[in-house]
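Chain and residue survey
Each chain, written out:
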Amino acid sequence: MRTLAIAVTAMLASTPLFAQEHAVTDTRGYVMGLGGFSVSVGNSTGNSLLEAGIRVAPHVMLFGNLGHFGNLQGDLQPSLDATTTSLASNQGLGVTGTGSVPATYGLAGMRVEMPLGSHLLPYVLGGVGAARLHPTTSLAFASGIMPDGSTPDVGTDVTAAVATAGLYTAPSASTAALATIGGGVQVPLAQHWIVDAGYRYARIAADNSLGAAPLNTNGMTFGFGYRF
């Protein structure tokens, strides 16, 4: 532990030297991996992305990223509610519907920096792009009689059987416009290495099969990257 403490202390002591040699605003560009969490429709989901930027003015960078949301919302409304209600009232069939909406996305935008000396680089950003939504649903048997006359065990996945009977159509994958705004701060660790912490808001214009309104996410990201 003592050796580790000495090493950490030495690294922190040397950081200002690296920063003085290469101020953060001297950076021509960067590549960075980020991860964190976002909250969407009351559901917390992981968010991971790879980002790169290139300087186009003294305090302005153009950036682009590719990312993935693990699950934008915990259930698919209104399609699942409509399905379970219809099956119960018209078929006497009780099912429990669950679903998720993972998504991959890409966007490009502009980042404006507000340097605070050589050691901190706050910024704000905004960008536009597109998200590919991959909704998945599952209907679990709860009560009643299936269209083929069977009575599966409670909890059995009957999605395929209900769809085959023409009583349910699962939502399909779709592409939607995406816009994001946010901000954060980059901190140099060494001559070419940086850490990043930030907030990002995203709005995805999903169709109404995935919700009554566009999907909105609020999240924190934390990253580690290389500047050049």
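Going along each chain's sequence as written, the residues are numbered from 1 onward. Residue-level local features of this predicted model are given only where pLDDT is at least 70; pairs of side-chain atoms are given and counted only at 80 or more, and the full residue set underlies all totals for whole chains, interfaces and linings. To obtain the side-chain values, all non-hydrogen atoms of the structure were used and water was disregarded.

1. What about the overall build of the chain?
Each helix corresponds to a stretch of at least 4 residues labelled H or I by DSSP, and each strand to a stretch of at least 2 residues labelled E; elements are numbered beginning at the N terminus. Each helix and strand counted, the chain has three helices and ten strands in total. Each helix and strand of the chain, placed in order from N terminus to C terminus, yields the pattern α-β-β-β-α-β-β-β-β-α-β-β-β. Remark: exposure states derive from per-residue accessible area (1.4 Å probe, protein chains only) relative to the maximum for the residue type, with buried under 20%, exposed over 50%, and partly exposed in between. Evaluated residue by residue, the chain yields a buried proportion of 40% over its 228 residues. At a minimum sequence separation of 6, the contacts of the chain that also span at least 24 residues come to 67%. Reported accessibility uses the Shrake-Rupley method at a 1.4 Å probe radius. Residues are deemed covered only where the shown protein chains occlude them. Split by element, the accessible area of the chain, about 11,200 Å² in all, is 65% carbon and sulfur. Should any heavy atoms of two residues lie within 4.5 Å, those residues are considered in contact.

2. Considerations on the confidence of the model for the chain
Looking at the chain as a whole, the pLDDT averages 85, with 82% of positions reaching at least 70. Note that residues 1–22 has pLDDT below 50 and, in this model, twelve contacts with residues that lie over four places away or in other chains. pLDDT is a per-residue confidence score from the predictor, ranging from 0 to 100.

3. Digging into the nonpolar core
Only buried residues count toward a nonpolar core, which is a set of Ala, Val, Leu, Ile, Met, Phe, Trp, Tyr and Cys residues joined through side-chain atoms within 4.5 Å. Within the largest apolar cluster, 33 residues are counted, with the highest numbers of intra-cluster contacts made by Leu72, Leu133, Val162 and Ile204. No other element matches the four residues that strand E6 (residues 121–133) contributes to this core.

4. Concerning helix H2 (residues 79–91)
Helix span, expected: 1.5 Å multiplied by one less than the number of residues in the helix. In this model H2 runs 17 Å from its N-terminal to its C-terminal C-alpha over 13 residues, within 8% of the 18 Å that 1.5 Å per residue would give. When we look at burial in H2, the residues that qualify are Ser79, Leu80, Thr83, Thr84 and Leu87. Projected onto a plane normal to the axis of H2, the buried residues spread over an arc of 130 degrees and lie on a single side. Residues of H2 that are exposed and point more than 90 degrees away from the buried face comprise Thr85, Ser89 and Asn90. Of the surrounding elements, those touching the buried residues of H2 are strand E4 (94–100), strand E7 (136–143) and helix H3 (159–164). Read the arc as the range of directions from the helix axis to the C-beta atoms.

5. Things to note about the packing of aromatic side chains
Whether two aromatic rings pair depends on their centres lying within 6.5 Å, for rings of Phe, Tyr and Trp, where Trp uses its six-membered ring; planes under 30 degrees apart make the pair stacked, over 60 edge-to-face, and the rest tilted. Tallying each qualifying case throughout the model produces three aromatic pairs. When the centroid spacing of 5.4 Å and the interplanar angle of 5 degrees are considered together, the rings of tryptophan 193 and phenylalanine 224 count as stacked. Here the residue tryptophan 193 occupies a position in strand E9 (residues 193–204), and phenylalanine 224 occupies one in strand E10 (residues 215–227), the gap between them amounting to 31 residues. Residue class for tryptophan 193 comes out partly exposed when judged on its relative accessible area of 39%.

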